[in-house]
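The residues making up each chain are set out below.
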Amino acid sequence: MTQVLEARPVVDTAVTGRRTTARLTLPTLLTLTAIVTIVPFAAMVLVAFAPPSGQTFPGALNPAHFTLENFRDVLSSSDIPRWTVNSLLYSLVSVACVLLFASMAGYAFAKKKFPGREIMFWAFLATLMVPFQATLIPSYILVAKLDWVDSYWGLIVPTLANSQAVFLMRQFIMQLPDELFEAAEIDGAPEWRIFTTIVLPLIRPVLATLGIFVFLWHWNDFLWPLVIGQSGKMQTLTVGLATLQGQAVPINQIMAGATITVVPSLLVFGLLQRYLTDSIAMSGLKA
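Residues numbered from 1 in each chain as written. Predicted model: local features only at pLDDT ≥ 70, side-chain atom pairs only at ≥ 80, totals over all residues. Heavy atoms only, no water.

> Can you explain the nonpolar core? Please cite residues and give values.
Counting 51 residues, the largest nonpolar core has Tyr-107, Met-169, Ile-173, Phe-181, Val-199, Ile-203 and Trp-224 as its most contacted members. No other element matches the 10 residues that helix 3 (residues 80–111) contributes to this core. In contact with Met-169, not counting residues within four places along its chain, are Leu-99, Ala-102, Ser-103, Gly-106, Ile-203, Val-206, Leu-207 and Leu-210. (Core = buried A, V, L, I, M, F, W, Y, C linked by side-chain atoms within 4.5 Å. Buried < 20%, exposed > 50% of the residue type's maximum accessible area, 1.4 Å probe, protein only. Helix = DSSP H or I, 4+ residues; strand = E, 2+ residues; numbered from the N terminus. Contact = heavy atoms within 4.5 Å.)

Put into structure tokens, the structure is as follows:
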């Protein structure tokens, strides 16, 4: 009777131990990072719902004392509704214009051939190395000469030339097959029709991703709205909430106002999260 010996793989216990440790360490680090990130937000919300007597911990942790009085007071005694409208106009109009201009410029830089294309693109991209603070005074002088100070024109227009958005659009559109555009040109389709019927539908994921970032950039912007919005009626939420700290407003009301400012960001991210994951997945595919 012949005995058959079964070969067994040799298991490296050291390698297995390191892999197990890595699998346990990474979730732990991510969990700790998430907790550190969430704690300030949770503290803000708790203080916003706490009564005036519970401005600090642990008094703000008692859910039995939660109240909406802080939200009612801050909405009725300040210009937060007007500041919210200003922030929404500043963010939404900027998102629409930046996406339109960046997609058009990205399409031209990616698929059109014209003299000086590469020089123009890299010169435009080089503006990323110039900090915004270095151009703040020249931008203000230009806006002042146009008589746009303390207006929506001065608030929105100088922020529409976004080199990061153009670069992202160009890199994404470059992955689109050239055959699509060649076929459209052979059929005699004009440039605007090619852009609206071919380019825009194919870049919806990156448009949504860029829209999230542009909205957050403008919604949380502080320095430019502070310089341009010189009257209380033209201030945005970020600037307005900063002014409340110098008006002896209770901390509960300030935290209530800050909580209100977070809601639109969460809504935008929640609504466009699916497109964000689609964009990340498509970025790993080759055209």
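> Tell me about a nonpolar patch on the surface, residues and numbers included.
A cluster of nonpolar side chains, namely Leu-29, Leu-32, Ile-35 and Val-39, defines an oily patch on the protein surface of about 370 Å² accessible area. Mapped onto the fold, Val-39 is located in helix 1 (residues 13–49). Look at Val-39 and you get partly exposed, because its relative accessible area is 49%. (Patch = residues over 30% accessible without salt bridge, like charges linked within 9 Å, V, L, I, M, F, W, Y side chains within 5 Å. Areas by Shrake-Rupley, 256 points an atom, 1.4 Å probe, with all protein chains shown as cover. Salt bridge = Lys/Arg side-chain N within 4 Å of Asp/Glu carboxyl O.)

> Describe in detail the environment of Leu-128, supporting the description with residues and values.
Tracing the backbone shows Leu-128 in the loop between helix 4 (117–125) and helix 5 (132–145). Assessed through its relative accessible area of 41%, Leu-128 is described here as partly exposed. When the C-alpha atoms of Leu-128 and Ser-163 are compared, they prove to be 6.8 Å apart, with 35 residues separating the residues in sequence. When residues no more than four places from it in sequence are discounted, the contact partners of Leu-128 are Ser-163 and Gln-164.

> Explain the side chain of Asn-162 residue by residue, including any values.
By the element assignment, Asn-162 lies in the loop between helix 6 (152–156) and helix 7 (163–173). Ignoring sequence-local partners within four residues, the contact set of Asn-162 consists of Val-98, Phe-124 and Trp-217.

> Just give me the short version of unusual backbone geometry, but keep the residues and values in it.
Phi at Asp-147 is positive, roughly 60°, even though this residue is not glycine. Relative accessible area serves as the criterion here: at 66%, Asp-147 is assigned to the exposed category.

> Outline the packing of helix 4 against helix 7, listing residues and values.
Look at helix 4 against helix 7: their axes get within 9 Å of each other, and the N-to-C directions meet at 135°. Taken as axis vectors, helix 4 and helix 7 run oblique relative to one another. Contacts between helix 4 and helix 7 involve Glu-118, Phe-121, Phe-124 and Leu-125 from the first element and Ser-163, Val-166, Phe-167 and Arg-170 from the second. (Axes fitted to C-alpha atoms, helices over the stretch in contact; angles between N-to-C directions. Parallel < 35°, antiparallel > 145°, perpendicular 65-115°, else oblique.)

> Let's hear about helix 9 (residues 191–202): which residues, and what values?
Taking 1.5 Å of rise per residue, the 12 residues of helix 9 would be expected to cover 16 Å, and the 16 Å separating its terminal C-alpha atoms lies within 8% of that figure. Buried residues in helix 9 make contact with helix 3, helix 7 and helix 8 (178–186). (Expected span 1.5 Å × (residues − 1).)

> Account for the environment of Thr-197, with residues named and values stated.
One can find Thr-197 in helix 9. The class of Thr-197 is partly exposed, set by a relative accessible area of 43%. Spatially, the C-alpha atoms of Thr-197 and Ala-184 are 10.0 Å apart, while their sequence positions differ by 13 residues. Reaching out from Thr-197, the side chain makes a polar contact with the backbone oxygen of Arg-193 at a distance of 2.4 Å. (Polar contact = N/O pair within 3.5 Å; in protein donor to acceptor, adjacent residues only side chain to side chain.)

> Tell me what's going on with the packing of aromatic side chains, and back it up with residues and numbers.
In the structure shown here, the tally under the stated rule is 12 aromatic pairs. Between the aromatic rings of Trp-192 and Phe-195, the centroid separation amounts to 5.6 Å while the plane-to-plane angle is 35°, which identifies the pairing as tilted. Separated by three residues within a single helix, Trp-192 and Phe-195 lie in helix 9, roughly one turn from each other. With 6.4 Å between their ring centres and 25° between their planes, Phe-213 and Trp-217 make a pair best called stacked. Note that Phe-213 and Trp-217 are positioned in helix 10 (residues 204–219) at a spacing of four residues, about one turn of the helix. A relative accessible area of 38% means that Phe-213 is categorised as partly exposed. Residue Trp-217 is classed as partly exposed on the basis of its relative accessible area, which comes to 38%. Counting every residue linked through ring pairs, the aromatic cluster contains Phe-109, Phe-114, Phe-121, Trp-122 and Phe-167. Stacked on the ring of Phe-121, the Lys or Arg Arg-170 has its end atom at 4.1 Å from the ring centre. (Phe/Tyr/Trp six-rings, centres within 6.5 Å; stacked < 30°, edge-to-face > 60°. Lys NZ or Arg CZ within 6 Å of the ring centre and 35° of its normal.)

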